[in-house]
Amino acid sequence: GAVFVDELSIRNMFKKGKQRNFISVKAGARLTDFPIENTWIGIEYTRSNPLVYQNYFNAVLYESNSYTLGHYLRDNSDIINFGVGYKPLRGLEISLNYDLARHGTDYNYQHLEETPGLSSSGLPFMDQVIWKEQKMELLVQYQVVNGAYFYFKYRYSNITGEQAALQKYTPEYYRGKTSTITFGANIGF
């Protein structure tokens with residue numbers, strides 16, 4: 001797991017109307033070789049609260065060249081991932097993954113600064129989902145020698161949401177229901 005603390009007010013931590021605790025958390029677990037040998041199962045959840053990675057002063061934003069260094073969906077978003085895998089032979093792995101990614105209302109840090117009495121606790125997490133992606137992915141990968149792989153990947157995704165959010169987060173080609181096939185080799189020693 002991991003915790004990213006963007007801003008934390010110790011003095012007002014437990015005062016609901018004055019909290020300024022902008023955090024993002026990631027937690028996950030993976031179980032391998034139990035109860036079946038050569039298998040794994042895993043789950044992971046990421047949540048970024050409203051206003052994480054934002055700041056009133058542009059000089060201290062958590063980004064480079066307007067590209068966020070935090071979560072790709074920025075604040076007020078979450079993702080749950082579930083996966084299973086099996087290794088039937090030496091070097092061969094077959095895995096299936098499911099992702100549900102959601103993004104809520106875009107909030108503006110300047111609005112928080114300019115509204116007396118408003119705090120991050122007054123901004124609800126995911127009150128409305130404006131962008132959503134459901135993705136299922138099958139990966140078959142074979143390791144020929146250490147560091148050299150051949151792979152085949154099939155991905156089905158369904159991306160929906162409000163027009164402005166779709167334009168911000170998803171190229172037009174990938175919107176709606178799509179299927180993608182990828183195959184190739186990866187060599188790196």
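Anything mentioned here points back to the structure above.
Calculation notes
Residues numbered from 1 in each chain as written. Predicted model: local features only at pLDDT ≥ 70, side-chain atom pairs only at ≥ 80, totals over all residues. Heavy atoms only, no water. Helix = DSSP H or I, 4+ residues; strand = E, 2+ residues; numbered from the N terminus. Buried < 20%, exposed > 50% of the residue type's maximum accessible area, 1.4 Å probe, protein only. Contact = heavy atoms within 4.5 Å. Areas by Shrake-Rupley, 256 points an atom, 1.4 Å probe, with all protein chains shown as cover. Polar contact = N/O pair within 3.5 Å; in protein donor to acceptor, adjacent residues only side chain to side chain. Salt bridge = Lys/Arg side-chain N within 4 Å of Asp/Glu carboxyl O.

A. Summary view of the overall build of the chain. If you tally the helices and strands in the chain, you get 2 helices and 10 strands. In the chain, the order of α-helices and β-strands from amino to carboxyl end is β-β-β-β-β-β-β-α-β-β-α-β. Within the chain, the proportion of its 189 residues that are buried is 32%. Partitioning the contacts of the chain with sequence separation of at least 6, the portion at a separation of at least 24 is 60%. Of the roughly 12000 Å² of accessible surface on the chain, a fraction of 57% belongs to carbon and sulfur atoms.

B. Main features of the environment of isoleucine 159. Position of isoleucine 159 among the secondary structure elements: in strand β9 (residues 148-161). On a C-alpha basis, the gap between isoleucine 159 and lysine 177 in space is 6.6 Å, while along the polypeptide they are 18 residues apart. Excluding residues that lie within four positions of it along the chain, isoleucine 159 makes contacts with Trp131, Lys132, Glu133, Leu166, Thr170, Tyr174, Arg175 and Gly176.

C. Looking closely at the side chain of aspartate 99. Considering the arrangement of structural elements, one finds aspartate 99 in strand β7 (residues 92-104). Here asparagine 81 takes part through its side chain, which lies 2.3 Å from a polar atom of the side chain of aspartate 99. Apart from residues no more than four positions distant in its own chain, aspartate 99 is found in contact with Ile80, Asn81, Glu133, Gln134 and Lys135.

D. Unusual backbone geometry, seen in detail. Note the cis peptide between phenylalanine 34 and proline 35, where omega equals 0°. Along the chain, proline 35 turns up in the loop between β2 (22-32) and β3 (39-48). A positive phi angle, near 60°, is found at aspartate 33, a position not held by glycine. Along the chain, aspartate 33 turns up in the loop between β2 and β3. Even without glycine at this site, asparagine 38 takes up a positive phi of about 65°.

E. Focus on the pattern of salt bridges. Under the defined criterion, the tally for this structure stands at 5 salt bridges. For aspartate 99, the salt bridge is made with lysine 135, and the minimal N-O distance between the two is 3.4 Å. A residue pair is termed long-range when its members are at least 10 positions apart, and aspartate 99 in strand β7 and lysine 135 in strand β8 (residues 129-145) qualify at 36 residues. The salt bridge involving glutamate 137 is made with arginine 155; its shortest N-O contact spans 2.8 Å. Taken together, the positions of glutamate 137 in strand β8 and arginine 155 in strand β9 put the pair 18 residues apart, joining distant regions of the chain.

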